[in-house]
Amino acid sequence: MEDKRLFEGEYRLMDLIWEQEPIRSMDLVRLCLERLGWKKSTCFTVLKKLAQRGFVKNENAVVTALVKREEVQKRESKAVVDKSFGGSLPAFVTAFLSDRRLTEEEAEKLRDMINKAVEG
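The structure contained in this document is the topic of the report that follows.

Cut-off values and rules
- Residues numbered from 1 in each chain as written.
- Predicted model: local features only at pLDDT ≥ 70, side-chain atom pairs only at ≥ 80, totals over all residues.
- Heavy atoms only, no water.
- Axes fitted to C-alpha atoms, helices over the stretch in contact; angles between N-to-C directions.
- Helix = DSSP H or I, 4+ residues; strand = E, 2+ residues; numbered from the N terminus.
- Parallel < 35°, antiparallel > 145°, perpendicular 65-115°, else oblique.
- Left-handed = near helix turned anticlockwise from the far one by under 90°.
- Contact = heavy atoms within 4.5 Å.
- Nonpolar A, V, L, I, M, F, W, Y, C, P; charged D, E, K, R; others polar.
- Phe/Tyr/Trp six-rings, centres within 6.5 Å; stacked < 30°, edge-to-face > 60°.
- Buried < 20%, exposed > 50% of the residue type's maximum accessible area, 1.4 Å probe, protein only.

**Concerning the packing of helix H2 (residues 25-36) against helix H3 (residues 40-52)**
Angle between the axes and distance between the axes are the two parameters that describe a pair of packed helices.
Item 1. Packing of H2 against H3 leaves a shortest axis separation of 9 Å and a crossing angle of 120°. Accordingly, the angle class assigned to the pair H2 and H3 is oblique. Along this stretch, H2 crosses H3, giving a crossing that reads as right-handed. For the pair H2 and H3, contact is made by Ser25, Met26, Leu28, Val29 and Cys32 and by Lys40, Cys43, Phe44 and Leu47, respectively.
Item 2. Split by residue class, the contact of H2 with H3 holds seven nonpolar, one polar and one charged.

**Concerning the packing of aromatic side chains**
Item 1. Inspection of the entire model under this criterion finds three aromatic pairs.
Item 2. Centroid distance Phe85 to Phe92: 5.5 Å. Interplanar angle 80°. Geometry classified as edge-to-face.
Item 3. With centroids separated by 6.1 Å and ring planes inclined at 20°, the aromatic side chains of Phe92 and Phe96 adopt a geometry described as stacked. On the criterion of helical spacing, the pair formed by Phe92 and Phe96 is a turn pair, its members being four residues apart in helix H5 (residues 89-97).
Item 4. Looking at Phe96, the relative accessible area reads 46%, which means it is partly exposed.
Item 5. Put simply, the rings of Phe85, Phe92 and Phe96 pair up and form one aromatic cluster.

So far we have only geometry, and geometry alone does not tell us how the molecule works.
Next up, the structure:
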């Protein structure tokens, strides 16, 4: 998988695949029409590109993801932090929280994640 980033339309299709996999390709076409407003040709064009890039497998008319959602989310998040915040996680968190209040539960979850990351 050379290019590991997803374009918006690709991500939207992957979202459906992750949600439903394994899914028959014609069922995926139906979902694309219902949820994304895509025609059959658009669905298959994007699906073919995803298969060529190693994100999905379309075998015997059944589509499965070859890459986990969490892996893509991790890559996409890192790219945003790198591009928009010079790789600074504190700068990202500051911008994200600048106009938002955390619940005590959210704050506790964040503390736990930070503690686990620091401990290794």
